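Coordinate analysis (summary)
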Amino acid sequence: MLKIRIAGSESELRQIAHKAGSTRIKRFKRDNGRTTFAIDVQISVKDFLGNLDLSASEAEGSGSTLIDCNSQEIQAELEQLLDDISDK
């Protein structure tokens, strides 16, 4: 499982929390006095890669290029990393 922290405005996070089934919005006070809001979401590696857009385009005007990525290779590497972390 991956744990992803999403930061944004409180209203944006309320919408995400409602859809994700989590209502725990964390509030962080920064040194400069500003407040930052965030939620933590857990997602499986397989679901994360299934929702990930693995294509990227170059800047406008220079044409577009797709980056070939093997999602199975990325999934295997992420799962190995998670196994290594779990073993420690």
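Everything quoted here is computed from the prediction, not taken from an experiment. (Residues numbered from 1 in each chain as written. Predicted model: local features only at pLDDT ≥ 70, side-chain atom pairs only at ≥ 80, totals over all residues. Heavy atoms only, no water.)

1. So, the confidence of the model for the protein
- Looking at the protein, the pLDDT average stands at 74 and 70% of residues meet or exceed 70.
- Strand E2 (residues 26-29) holds the highest mean pLDDT among the elements of the protein, 90, whereas helix H3 (residues 71-87) holds the lowest, 73.
- Contacts from residues 56-66, a stretch scored under 50 in pLDDT, to residues over four places away or in other chains number 9 contacts. (pLDDT = per-residue confidence, 0-100. Helix = DSSP H or I, 4+ residues; strand = E, 2+ residues; numbered from the N terminus. Contact = heavy atoms within 4.5 Å.)

2. Describing the pairing of E2
- Where E2 meets strand E3 (residues 35-43), 4 bridges bridge the pair, whose relative direction is antiparallel. Bridge assignment links Lys 29 to a residue of E3, and that residue is Thr 35.
- Hairpin connection from E2 to E3: 5 residues lie between these consecutive antiparallel strands, with Gly 33 at a positive phi of about 95 degrees. (Pairing = 2+ DSSP bridges.)

3. Some thoughts on the sheet that holds strand E1 (residues 2-8)
- One open sheet holds the 3 strands; their spatial order is E1-E3-E2, and the pairing between them is antiparallel. The two strands at the open ends of the sheet, each matched to only one other strand, are E1 and E2. Taken pair by pair, the neighbouring strands of this sheet meet at an average axis angle of 35 degrees, ignoring direction. (Axes fitted to C-alpha atoms, helices over the stretch in contact; angles between N-to-C directions.)

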